[in-house]
Amino acid sequence: MKVTKAVIPAAGLGTRVLPATKSMPKEMLTIVDKPAIQYIVEEAVNSGITDILIITNRGKGIIEDHFDRSPELEERLLATGKKDAYDEIVSFSRLANIFFIRQKETKGLGHAVNCARNFVGNEPFAVLYGDDVIIGDDPACAQLIRAYEQFGKSVVGIKSVPAADIHKYSSLKAEPLQDNLFSVTDMVEKPKTPEAVLSLYSILGRCVLTPDIFDILDETLPGAGGEIQLTDAMRTLARSTGMTGVDFTGKRYDMGDKLGILQATVEIALKHPQLGEPFAAYLKEIVAGLA
Ligand code: UTP
């Protein structure tokens, strides 16, 4: 079955990015000239996704506003000859069918994904974590969808992380299949001891799940950090049917982390069609001053 639906969980509290995220959702933090979540929606659309459910919570209404039309602003842009800006804001409000639901209590990523059950129905679906921006020529979500089509199993986007950081991530039992594809048969969220580490491969930001995940999530008890962890539910899938891991191409930026936000800003600004050149010149000057 074709993957046309995606879920973007964006209901976290963003405690690592305070005070910026006290009233501003981290998914709305700007990278150059777009909020982070717009890059993620664009990746989904460029991967063939037509219907997107964004999971929000209290105080995140501006995410809905961002993907809505804005008649007064549009009129003003047209009246003042700002046609390019008009085209841009109108076109992304038509990118896909975008739906919203609130996660009423912040009980973890697994709990957030479980809020998508009615939207998803009985189809495979993509999950794009709302604070992971991935930039690359071949959209990461599309790479995972191709792996789903090839093997028919749920898929996780994976990357190797430094040994010193693995306790902050998940750790996977992953055997190479071919090229950048792996067979994933077990996983653990935030391994507490070196013995608990299965490998340095971790799930980063994207997965494609079969709908049987919802019954598993219903049974999943709170895990690491007292939250209902998506990884704990995916472990049941990995151990029973097995999953496919895709070591995706593209650079991932962690918008849930202050350094990640700075890295995204600098690197994406350098690639920007209008700002890239003047920004590079500015940066060279700054860097020369650091030496
Ligand atoms: P994180 O664990 O990185 O988000 O979840 P967080 O809770 O905001 O992080 P802290 O407080 O800085 O540690 C990964 C993704 O899952 C979403 C987040 O919005 C983020 O996109 N999430 C997390 C939810 O939607 N609901 C939750 O209950 C938890």
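All of the points below concern the structure found in this document. (Residues numbered from 1 in each chain as written. Predicted model: local features only at pLDDT ≥ 70, side-chain atom pairs only at ≥ 80, totals over all residues. Heavy atoms only, no water.)

Considerations on the overall build of the protein
Within the protein, the secondary structure is distributed over 11 helices and 13 strands. Taken over the C-alpha trace, the protein has a radius of gyration of 19 Å; the compact-globule value for 291 residues is 19 Å, and the two agree within 12%. The dimensions of the protein, computed from C-alpha atoms along their principal axes, are 60 × 50 × 35 Å. Counting all 291 residues of the protein, 47% fall into the buried class. In the protein, the proportion of contacts linking residues at least 24 apart, taken out of those at least 6 apart, comes to 75%. (Helix = DSSP H or I, 4+ residues; strand = E, 2+ residues; numbered from the N terminus. Rg over C-alpha atoms; globule rule 2.2 N^0.38 Å. Buried < 20%, exposed > 50% of the residue type's maximum accessible area, 1.4 Å probe, protein only. Contact = heavy atoms within 4.5 Å.)

Some thoughts on the nonpolar core
I37, I49, I52 and I54 are the most contacted members of the largest nonpolar core, which has 45 residues in total. Elements with a minimum of two residues in this core: β1 (5-9), α1 (36-46), β4 (51-56), β6 (125-128), β7 (132-135), α7 (140-151), β11 (201-209) and α10 (258-271). With near-sequence residues (within four places) excluded, I37 lies in contact with I8, A10, E27, M28, I54, I63 and F67. (Core = buried A, V, L, I, M, F, W, Y, C linked by side-chain atoms within 4.5 Å.)

Side note on the site of the ligand
Near the ligand, the surroundings consist of 18 residues, among which G12, G14, T15, Q103 and G108 are the closest. Residue G130 places a main-chain N or O atom 3.2 Å away from an oxygen atom belonging to the ligand. Within the complex, 86% of the 570 Å² of free accessible area of the ligand lies under protein. Counting atoms within 2 Å of the grid points, the majority share of the ligand lands in the largest pocket. Taken together, the residues of the shell around the ligand break down into 6 nonpolar, 7 polar and 5 charged. (Near = heavy atom within 4 Å. Polar contact = N/O pair within 3.5 Å; in protein donor to acceptor, adjacent residues only side chain to side chain. Areas by Shrake-Rupley, 256 points an atom, 1.4 Å probe, with all protein chains shown as cover. 1 Å grid on protein atoms, 1.4 Å probe; cavity = no way out; pocket = protein on both sides within 12 Å on 5 of 7 lines; lining within 4 Å. Sits in = over half its atoms within 2 Å of the grid points. Nonpolar A, V, L, I, M, F, W, Y, C, P; charged D, E, K, R; others polar.)

Quick notes on the pattern of salt bridges
Under the counting rule described, the total for this entry stands at 20 salt bridges. As a salt-bridge pair, E105 and K107 come within 3.6 Å of each other at their nearest N and O atoms. Residue E105 is classed as partly exposed on the basis of its relative accessible area, which comes to 47%. Assessed through its relative accessible area of 35%, K107 is described here as partly exposed. A salt bridge links K190 to E189, with the shortest nitrogen-to-oxygen separation between them at 3.1 Å. Judged by its relative accessible area of 37%, K190 is partly exposed. (Salt bridge = Lys/Arg side-chain N within 4 Å of Asp/Glu carboxyl O.)

Describing a nonpolar patch on the surface
Taken together, the side chains of Y282, I286, V287 and L290 present a nonpolar region at the surface, about 410 Å² in accessible area. Note on placement: I286 falls in helix α11 (residues 276-290). Look at I286 and you get partly exposed, because its relative accessible area is 38%. (Patch = residues over 30% accessible without salt bridge, like charges linked within 9 Å, V, L, I, M, F, W, Y side chains within 5 Å.)

Focus on the state of the cysteines
One covalent bond between the sulfur atoms of two cysteine residues makes up a disulfide. Going through the model one piece at a time under the given rule, you end up with 0 disulfides. Counting only cysteine sulfurs, C207 is the nearest neighbor of C115, a cysteine outside any disulfide, at a range of 15 Å. A residue is classified by how much of its surface remains accessible, and C115, at 21% relative accessible area, is partly exposed. Left without a disulfide partner, C207 is nearest to the cysteine sulfur of C141, which lies 9.6 Å away. (Disulfide = S-S within 2.5 Å.)

Focus: the packing of α10 against α11
It is the contact of α10 with α11, at a shortest axis distance of 6 Å, that shows an interaxial angle of 130°. When the axis of α10 is compared with that of α11, the two are oblique. Where α10 approaches α11, its residues V266, A269 and L270 are matched on the opposing element by G276, F279, A280 and L283. Class assignment for the residues of the contact of α10 with α11 results in 6 nonpolar, 1 polar and no charged. (Axes fitted to C-alpha atoms, helices over the stretch in contact; angles between N-to-C directions. Parallel < 35°, antiparallel > 145°, perpendicular 65-115°, else oblique.)

Brief notes about α7
Here α7 is 12 residues long and its end C-alpha atoms lie 17 Å apart, about the 16 Å a rise of 1.5 Å per residue gives. Residues A140, C141, A142, Q143, L144, I145, A147 and Y148 constitute the buried set of α7. Where α7 ends, the next residue or the one after it, G152, has phi of about 70°, a positive value. (Expected span 1.5 Å × (residues − 1).)

Focus: the side chain of K34
Along the chain, the position of K34 falls in strand β3 (residues 34-35). Polar side-chain contacts of K34 include one of 2.9 Å to the side chain of E42. Residues contacting K34, with those up to four places away along its chain left out, are L29, Y39 and E42.

Re the layout of surface pockets
Roughly 1,400 Å³ of volume is contained in the largest pocket. Forming the boundary of the largest pocket are 48 residues, of which R16, D131, K190, R252 and D254 lie nearest the centre. Mapped by element, the contributors of at least two residues to the lining of the largest pocket are α5 (109-114), β8 (155-160), β11, β13 (251-254) and α10. Along the lines of polarity and charge, the residues of the lining of the largest pocket split into 15 nonpolar, 18 polar and 15 charged. When its volume is computed, the second largest pocket comes out at roughly 370 Å³. Looking at the second largest pocket, it is lined by 19 residues, and the ones nearest its centre are K34, Y39, E42, I135 and I268. Counting residues per element, the ones that place at least two in the lining of the second largest pocket are α1, β7 and α10. Looking at the lining of the second largest pocket, the element that brings in the most residues is α1, giving 4 residues. Looking at the lining of the second largest pocket residue by residue, the class counts come to 8 nonpolar, 4 polar and 7 charged. (Points joined across faces, edges and corners; volume = space filled by probe spheres on them.)

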